[in-house]
Amino acid sequence: MSTRDRAASIRDVIRYIDRFRDALLVIYLDGKLLDQGVFLSHIKDIALLHRAGLRIIIVPGAADRIDAVLSGSQIKWRVHDGCRVTDAEAMPLIKMAAFDVSNQVMTALAGEKVPALIGNWVRARGRGVLAGFDWGTVGDIDRVDAASLGKVLEDGFVPIFPCIGWSLAGKPYNISSMLLAEKIASHLNADKLFYLVPDVRITSESYTIPEGLGLSDDGTVPALSLDELDSFIALNFPSDDSRTSERTVNMQNGKAGDKIAELLTIARRACSSGVARVHLLDGSMEGTLPCEIFSDFGSGTMVYVRDYGRIRDMESDDIPAVLTLMQPFVDKGILLPRSKQSLQDQLSHYIVYELDGAIRACAALVPYSDGQMEIAGIAVEKSCSSLGIGQKLVEFLIKRAKKSKAAGVFLLTTQTSDWFEGMGFKLSSLSSIPEQRKAIWTPERGSVVYRLEG
């Protein structure tokens, strides 16, 4: 890795630390991770995030521990619509197992010198009998004690939630840990909701990817807007109504896609309820939490509402970042050199792609006196090259040119002819471009003219 690349990575970390200082993170830790070696690695990362000033709430999954305790006591249960249904006699054992898991997390945090508390901050009510079915000890969340939690977080503690809720009369109910994490994040308007679940990865190898959706270098889908999420679910988990949040989803070609479908459904619901971003991470991987938080593309898949990546007009303050972005392309002879003053003079012609507050790509639409417009100055940061950002910029400028009723749209290139041909540009002659642009063409550079047809 070059010094430039290393410096860019360090700047990203510093930028994200500043951006998310005091942010509220709700983290679901799948119960299967607690007995794996990676568990303590996740705890170390959580401790680092806590020391960096992020506020953290942990919801550990307890399903496996509850299974073991109930089986050991020969108490039967059944699963209905994803919920464990038991008689009242099972509730003391369920509560014991849930608190045992929470204690395991608290002990691990103590080993990292991070103060934590286990509390009864969830008010719940029994689901009762619905359509003739008795839900037994299953509870639904009524409210989360935000005021008490705020004080706990303000005092520097990490709250840990067992999967238990209490009625006004103090009666305990069993609650799904995954849904509990969602409800906590929604009630508190969390900045981020994380699901650390073993082997949860959304890749092009396992799923059908909607057209135009960018991928990371390893084929992972790094981010999904809510609209893209709906398209992904419709393609991969068909049902009678792909937009119904509580529907039963089908498994894809026999794969264990039901967990992904469940998590994506939760993510959509959480984002629609005020959570800014939901992250689905493969909990089997060490370091997945800090990688997801402190880099643009992270290590998993993020579901978001807005303000992740956007195209906007360039501003004066963007010019230093744009010059830095362009430099590798200038060094390779792909772009002509620009100066700070030349960018300032053509400020109104440029657009940028901003990703989480950082400039990751740029392009320009330059008008000429004969009514033609030139697409120029396209640069996309190497780390974003597989996400389709360059094509989005060109398509954006084409629409802008058509809206301006341009007499023609052309570009000059030396090394990217195939890429532009893939977007509908056709080889044209040098004589077709404006005299003003022709005057600065040089045979030494030998740029080739391409023109948008139609």
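Conventions and cut-offs
Residues numbered from 1 in each chain as written. Predicted model: local features only at pLDDT ≥ 70, side-chain atom pairs only at ≥ 80, totals over all residues. Heavy atoms only, no water. Helix = DSSP H or I, 4+ residues; strand = E, 2+ residues; numbered from the N terminus. Buried < 20%, exposed > 50% of the residue type's maximum accessible area, 1.4 Å probe, protein only. Axes fitted to C-alpha atoms, helices over the stretch in contact; angles between N-to-C directions. Parallel < 35°, antiparallel > 145°, perpendicular 65-115°, else oblique. Left-handed = near helix turned anticlockwise from the far one by under 90°. Contact = heavy atoms within 4.5 Å. Nonpolar A, V, L, I, M, F, W, Y, C, P; charged D, E, K, R; others polar. Salt bridge = Lys/Arg side-chain N within 4 Å of Asp/Glu carboxyl O. Arc of directions from axis to C-beta. Expected span 1.5 Å × (residues − 1). Pairing = 2+ DSSP bridges. pLDDT = per-residue confidence, 0-100. Phe/Tyr/Trp six-rings, centres within 6.5 Å; stacked < 30°, edge-to-face > 60°. Lys NZ or Arg CZ within 6 Å of the ring centre and 35° of its normal. Core = buried A, V, L, I, M, F, W, Y, C linked by side-chain atoms within 4.5 Å.

A. Layout of unusual backbone geometry. Phi at K113 is positive, roughly 60 degrees, even though this residue is not glycine. With respect to the helices, strands and loops of the structure, K113 is situated in the loop between α4 (91–111) and β5 (116–118). Relative accessible area serves as the criterion here: at 73%, K113 is assigned to the exposed category. Positioned with a positive phi, D199 is a non-glycine residue whose angle comes to about 60 degrees. Tracing the chain through its elements places D199 in the loop between β13 (192–197) and β14 (223–225). D199 sits in the exposed class, given a relative accessible area of 63%.

B. How the structure looks around the packing of helix α7 (residues 226–236) against helix α8 (residues 258–272). Where α7 contacts α8, the two axes come as close as 11 Å, and the packing angle between them is 155 degrees. Comparing the axis directions of α7 and α8 gives the class roughly antiparallel. Seen along the crossing, α7 lies across α8 with a hand that is left-handed. Contacts from L226, L229, D230, F232 and I233 in α7 reach L264, R268, C271 and S272 in α8. A class-by-class count of the residues in the contact of α7 with α8 yields six nonpolar, one polar and two charged.

C. Here's a closer look at the pattern of salt bridges. Counted by the stated rule, this structure contains 19 salt bridges. With a closest N to O distance of 2.7 Å, D142 and R125 form a salt bridge. Placement of the pair is D142 in strand β9 (residues 139–144) and R125 in strand β6 (residues 122–126), with a sequence separation of 17 residues. What makes D142 partly exposed here is its relative accessible area of 39%. Between D155 and K151 there is a salt bridge, with the nearest N and O atoms lying 2.9 Å from each other. According to the relative accessible area criterion, K151 is partly exposed, its value standing at 47%. Ionic contacts of the salt-bridge type, sharing partners, join the residues R125, R127, D140 and D142 into one network.

D. Representation of α7. For α7, the full list of buried residues reads L226, L229, D230, F232, I233 and N236. Along the long axis of α7, the arc covered by the buried residues comes to 165 degrees, so they all point the same way. Looking at the buried positions of α7, the neighbouring elements they touch are β14, α8 and β16 (301–304).

E. Structural view of helix α12 (residues 389–403). Taking 1.5 Å as the rise per residue, α12 with 15 residues should run 21 Å; its terminal C-alpha atoms sit 21 Å apart, in good agreement. Residues of α12 that are buried include every one of I389, G390, L393, V394, L397, I398 and A401, and no others.

F. View of the pairing of β13. The buried fraction of β13 is high, at six of six residues. Side chains K192, F194 and L196 project from β13 onto one buried face, and the interleaved L193, Y195 and V197 project onto a second face that is buried too. Both β13 and strand β15 (residues 277–282) contribute to a ladder of six bridges, which runs parallel. Bridge pairing in β15 links V197 to D282.

G. Representation of the confidence of the model for the protein in the model. Confidence in the prediction of the protein, expressed as mean pLDDT, is 88, and 91% of residues score 70 or more. Of all secondary-structure elements in the protein, the lowest mean pLDDT belongs to helix α1 (residues 3–20), at 69, while strand β10 (residues 158–160) reaches the highest, 98. Segment residues 240–256: pLDDT under 50, and 30 contacts once partners within four positions in sequence are set aside and those in other chains are kept.

H. Region of the structure containing the packing of aromatic side chains. Inspection of the entire model under this criterion finds ten aromatic pairs. Centroid distance W121 to F161: 5.1 Å. Interplanar angle 50 degrees. Geometry classified as tilted. Of the two residues, W121 is situated in the loop between β5 and β6 and F161 in the loop between β10 and β11 (164–166); the sequence distance between them amounts to 40 residues. Among the residues examined, W121 registers a relative accessible area of 9% and is labelled buried. Here the aromatic rings of Y207 and F237 are separated by 6.0 Å at their centres, their planes lie at 55 degrees, and the arrangement is tilted. Remark: F237 occurs in the loop between α7 and α8 and Y207 occurs in the loop between β13 and β14; sequence separation between them is 30 residues. Considered together, Y207 and F237 belong to a single accessibility category, that of buried residues. For R84, the ring lying beneath its charged end belongs to W77, and the centroid distance is 5.0 Å. For the cation-ring pair, R127 lies above W135, with the distance from its terminal atom to the ring centre recorded as 4.5 Å.

I. Region of the structure containing the nonpolar core. By size, the foremost hydrophobic cluster in this structure holds 50 residues, and its most contacted members are V26, F161, I184, L193, Y195, L264 and V278. At eight residues, the largest contribution of residues to this core is made by α8. Among all residues touching F161, those that are not within four sequence positions of it are I57, I58, V59, P60, S102, W121, V122, L149, L180 and I184. Within the second largest apolar cluster, 44 residues are counted, among which are L54, L109, I160 and F194.

J. Local environment of the packing of helix α3 (residues 63–72) against α4. Orientation of α3 relative to α4, taken along the N-to-C sense of each, is 135 degrees, at an axis distance of 9 Å. In terms of orientation, α3 and α4 fall into the oblique class. Taken as a pair, α3 and α4 cross one another with a handedness that is right-handed. Contact residues: R65, I66, V69 and L70 in α3; L93, I94, M96, A97, D100, V101 and Q104 in α4.

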